[in-house]
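Residues per chain, in single letters:
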Amino acid sequence: MTVVQKYGGTSVGSVERLRNVARRVAARAEGEQLAVVVSAMGKSTDDLLALAREVNPRPPRRETDLLMATGEMVSSALLTMALIDIGCPAVALTGAQAGVFTDETFGRARIRNIDTWRMHEEFSAGNVVVVAGFQGQSPQGDYATLGRGGSDTSAVALGAALEADQVEIYTDVQGIYTTDPRIEPKARCLKDIASEEMLEAAQQGAGVMHPRAVELGLLYEIPILVASSQAEFGSGGGTLIRKEVQMEPENRVRTIALDRDVSSVTLRHVPDRPGIASQIFGPLADAGISVDTIVQNASELQLTDLTFTVTGDDWERTREISRPLAAELGAADVLFAHDLVKVSLIGTGMQSGPGYAATMFRSLSDAGINIELITTSEIRITCLVRAERGEEAVRVLHAAFALDEEV
C-alpha cells in the first residue's frame, strides 16, 4: 500500500511537534510505502518574505523562490533526522530531487510532470521519503514555488504520480466542518464530503485545503483524508474527501463558506454590443488575473452595468487595467469596492431540490442583511454581502439549515 502524508507548518512548528510527527510517521510506515510532504515550520515563510522585502522592497521573483524554497527544506531535513533518531529509516528530498518539474512561472508555478524513479528507489531501500513541499524545478533548472497551498498541491500531485491508495492531509483542525468553527461554534466536523463539494468550498473561501489540490484529487480519483496532526494515530477522526458520498441526503447543504478576499469592480453604463465582454475580460486574462463572479444588468437604452470580482492579490493590477479600459469603452464610470464578502451554500443536488435559495434569501432578509449580488452553480448558491455582516450571515444560514444536527 502506498500512502502520501502531508503535514502543515503548524504541525511541524517546533522540535516537540516535529518529534510527534516523527512518531506518527514511524507508526504508519510499517509495511507500507510512505511519502511525507512537509511545509515550512510555523511562520518561517512569512519571515523569509519579510526579510527579502527589507533587502529589496520589490525582490526579483526568481531569487524570491530560491529563498522561499529553503523553508520546506529545513522542515524535511529536521523531520528526517527525527525519524532516524527513533530508528525509522528515512531520506529527505527537495522537490527537484523527488522529480517534481514545473513551468517557469515563479511564485505560482504549475506542476508539469513528476518523475518518481528516485522515490521508488528509496522505497525499495526501505526508506520513508520526506519531501519538501511547495516547490519544484523549472525547465531552466531553477527552484520554482507553487504559490498558496503549494504543499497540499505537492502532496496530491505526488499521490497521483505514485498511484497512491490515499493522501492524508494533517493540519491543526479536526477535518472539514459545516462552516468555520471560529465563526460558528456549533459547526460540525463532517465524516465525508464529495470531491466536487470540497472543490467549490475551497474556491469559495474555505481555507482548509487549496482548490488546486482538491482538483487534482478529483481528476485522479484519489481519496484525501483531512485530519488533525494532534489526534491520536488511528483514532478514525477527520473528513474523507472522495468522489461520491451518501445518495439523496435529506439536507443537501453540506457546508457554508465565507470568502473575505473579495474586491469588486463595476463598469457603469457600458455600451451593450457584441464583443464588449471580450474587450473587458481579455486584457485581464492577458495579465494573469482570474475573474470570479460576473453579473450584468439588463440592457436599457443599449447601456448596461457590469460587475465582477477579483481577489485582493489581483486588486491593484485590476484597477490599473480597468480605469483606462472603461474610458476606452465609453463607460460612464468605474466603481471599486473592498467592503464585500462572499457567503456560499454548497451541496450536491441543491439546484434540483426545492426551497434552498428561498430559505437562504428569506433568512438573510429576516436578519436585515442586504444581498448585493447573487450567483449560482449546480452545487452552490453565493451571495455577496457587506463585509461587516459576513460572519453574522454565516451564523444565520447555519441555523436556518440546521447544520449543527447530524442527519
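The model shown is predicted, which means the values in this text are computed figures rather than measured ones.

**Quick look at a nonpolar patch on the surface**
Taken together, Val74, Leu78 and Met81 make up a surface patch of nonpolar side chains, about 260 Å² in accessible area. Relative to the helices and strands, Met81 resides in helix α3 (residues 61-85).

**With respect to the sheet that holds strand β15 (residues 294-296)**
Whether parallel or antiparallel, the strands of a sheet pair through hydrogen bonds between backbone atoms. Taken together, the 4 strands give an open sheet; going across it, the order is β15-β16-β14-β17, and neighbouring strands pair in antiparallel fashion. The open sheet has two free edges, formed respectively by β15 and β17 (333-337), since each of these has just one partner strand. Direction aside, the axes of adjacent strands within the sheet are offset by 15° on average. Sheet topology places strand β14 (residues 263-271) next to β17; 5 bridges connect them, and they run antiparallel.

**Overview of the packing of aromatic side chains**
Overall, the coordinates contain 3 aromatic pairs when judged by the stated rule. For the pair Phe281 and Phe308, a centre-to-centre distance of 5.3 Å together with 75° between the ring planes defines the contact as edge-to-face. In this pair, Phe281 sits in helix α8 (residues 276-286) while Phe308 sits in strand β16 (residues 303-310), placing the two residues 27 residues apart along the sequence. The burial state of Phe281 is the same as that of Phe308; both residues are buried. Above the ring of Tyr170, the side-chain terminus of Arg24 is found at 4.7 Å from the ring centroid.

**Remarks on unusual backbone geometry**
You will see that Phe134, though not glycine, has its phi angle at about 75°, which is positive. Here Phe134 is to be found in the loop between β6 (128-132) and β7 (135-137). With phi around 55°, Glu221 is a residue other than glycine that occupies positive phi space. Among the structural elements, Glu221 can be located in the loop between α7 (211-219) and β11 (224-228).

**Remarks on the side chain of Glu184**
For Glu184, the location among the structural elements is in the loop between β9 (166-171) and β10 (192-194). Of the buried charged residues, Glu184 lacks a salt bridge, with Arg395 as the closest side chain of opposite charge at 5.4 Å. Polar contacts involving the side chain of Glu184 include one to the main-chain amide nitrogen of Lys186, which spans 2.9 Å. Excluding residues within four positions of it along the chain, Glu184 makes contact with Thr179, Arg395 and His398.

**A short note on the pattern of salt bridges**
Applying the stated criterion to the full structure yields 21 salt bridges. The residue Arg254 makes a salt bridge to Glu197 at a minimum N-O spacing of 3.5 Å. Of this pair, Arg254 sits in the loop between β12 (239-242) and β13 (255-259) while Glu197 sits in helix α6 (residues 195-203), and the two are 57 residues apart along the sequence. Judged by its relative accessible area of 18%, Arg254 is buried. Residue Lys243 is joined to Glu221 by a salt bridge in which the shortest nitrogen-to-oxygen separation is 3.2 Å. Pair noted here: Lys243 is in the loop between β12 and β13 and Glu221 is in the loop between α7 and β11, with a separation of 22 residues, a long-range link.

**Some thoughts on the nonpolar core**
Residues Val4, Met119, Val167, Met198, Met209 and Ile224 are the most contacted members of the largest nonpolar core, which totals 37 residues. For Met119, the residues in contact, after removing those within four places along its chain, are Ala35, Leu93, Ala98, Val129, Val131, Leu158 and Leu162. If you look at the next biggest cluster of nonpolar residues, it comprises 23 residues, including Ala22, Leu34, Val130 and Leu225.

**Structural notes on the packing of helix α5 (residues 150-161) against α7**
Where α5 contacts α7, the axes come no closer than 8 Å and their chain directions differ by 15°. The pairing of α5 with α7 is recorded here as roughly parallel in orientation. For the crossing formed where α5 meets α7, the hand is left-handed. Where α5 abuts α7, its residues Asp152, Thr153, Val156 and Ala157 lie against Arg212, Ala213, Leu216 and Gly217. For the contact of α5 with α7, a count of residues per class yields 4 nonpolar, 2 polar and 2 charged.

**Details of the packing of α8 against helix α9 (residues 315-329)**
In a pair of packed helices, the angle between the axes and the distance between the axes together describe the arrangement. α9 packs onto α8 with a crossing angle of 155° between their chain directions and a minimal axis gap of 10 Å. The pairing of α8 with α9 is recorded here as roughly antiparallel in orientation. α9 is crossed by α8, and the crossing has right-handed handedness. Contacts between α8 and α9 involve Ile276, Gln279, Ile280, Pro283 and Leu284 on the former and, on the latter, Thr318, Ile321, Leu325 and Leu329. Each residue belonging to the contact of α8 with α9 can be placed in one class, and the counts come to 7 nonpolar, 2 polar and no charged.

What counts as what
- Residues numbered from 1 in each chain as written.
- Predicted model: local features only at pLDDT ≥ 70, side-chain atom pairs only at ≥ 80, totals over all residues.
- Heavy atoms only, no water.
- Patch = residues over 30% accessible without salt bridge, like charges linked within 9 Å, V, L, I, M, F, W, Y side chains within 5 Å.
- Areas by Shrake-Rupley, 256 points an atom, 1.4 Å probe, with all protein chains shown as cover.
- Salt bridge = Lys/Arg side-chain N within 4 Å of Asp/Glu carboxyl O.
- Helix = DSSP H or I, 4+ residues; strand = E, 2+ residues; numbered from the N terminus.
- Pairing = 2+ DSSP bridges.
- Axes fitted to C-alpha atoms, helices over the stretch in contact; angles between N-to-C directions.
- Phe/Tyr/Trp six-rings, centres within 6.5 Å; stacked < 30°, edge-to-face > 60°.
- Buried < 20%, exposed > 50% of the residue type's maximum accessible area, 1.4 Å probe, protein only.
- Lys NZ or Arg CZ within 6 Å of the ring centre and 35° of its normal.
- Lys, Arg positive; Asp, Glu negative; His and termini not counted.
- Polar contact = N/O pair within 3.5 Å; in protein donor to acceptor, adjacent residues only side chain to side chain.
- Contact = heavy atoms within 4.5 Å.
- Core = buried A, V, L, I, M, F, W, Y, C linked by side-chain atoms within 4.5 Å.
- Parallel < 35°, antiparallel > 145°, perpendicular 65-115°, else oblique.
- Left-handed = near helix turned anticlockwise from the far one by under 90°.
- Nonpolar A, V, L, I, M, F, W, Y, C, P; charged D, E, K, R; others polar.

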